[in-house]
Amino acid sequence: MKLFILIATLFALNSCNTCIGLYRDSKVAFTWTKEKMQGSGGGGNQDVAPVY
């Protein structure tokens, strides 16, 4: 039953571009964190999702 709810939730979120937004946000957060840890500032990459 839990698996069914998880799959249904993923399909529902996928239909409204939520998964794409989560992917982009996590990619930008990973890049920012990596730059901060390497000491390169962390402000150079402005790859954000478009606002509709």
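Heads up: the structure comes first, above all this text.
So, how was this worked out
- Residues numbered from 1 in each chain as written.
- Predicted model: local features only at pLDDT ≥ 70, side-chain atom pairs only at ≥ 80, totals over all residues.
- Heavy atoms only, no water.
- Helix = DSSP H or I, 4+ residues; strand = E, 2+ residues; numbered from the N terminus.
- Buried < 20%, exposed > 50% of the residue type's maximum accessible area, 1.4 Å probe, protein only.
- Areas by Shrake-Rupley, 256 points an atom, 1.4 Å probe, with all protein chains shown as cover.
- Patch = residues over 30% accessible without salt bridge, like charges linked within 9 Å, V, L, I, M, F, W, Y side chains within 5 Å.
- Salt bridge = Lys/Arg side-chain N within 4 Å of Asp/Glu carboxyl O.
- Polar contact = N/O pair within 3.5 Å; in protein donor to acceptor, adjacent residues only side chain to side chain.

**Student:** What should I look at first to understand the overall build of the protein chain in this one?
**Tutor:** Counting secondary structure elements, the protein chain contains two helices and zero strands. In the protein chain, buried positions account for 6% of the 52 residues. Summed over all atoms, the accessible surface of the protein chain reaches about 4600 Å², with 67% contributed by carbon and sulfur.

**Student:** Mind showing me how you'd approach a nonpolar patch on the surface here?
**Tutor:** Judged by side-chain polarity, L3, L6, I7, L10 and F11 come together as a nonpolar surface patch covering roughly 520 Å² of accessible area. Residue position: L6 is located in helix 1 (residues 2-14).

**Student:** Before we go on, may I ask you to explain the side chain of T31 in this structure?
**Tutor:** Examined against the element boundaries, T31 turns out to sit in helix 2 (residues 18-38). When its relative accessible area of 18% is taken as the criterion, T31 is described as buried. Here K27 takes part through its backbone oxygen, which lies 2.9 Å from a polar atom of the side chain of T31.

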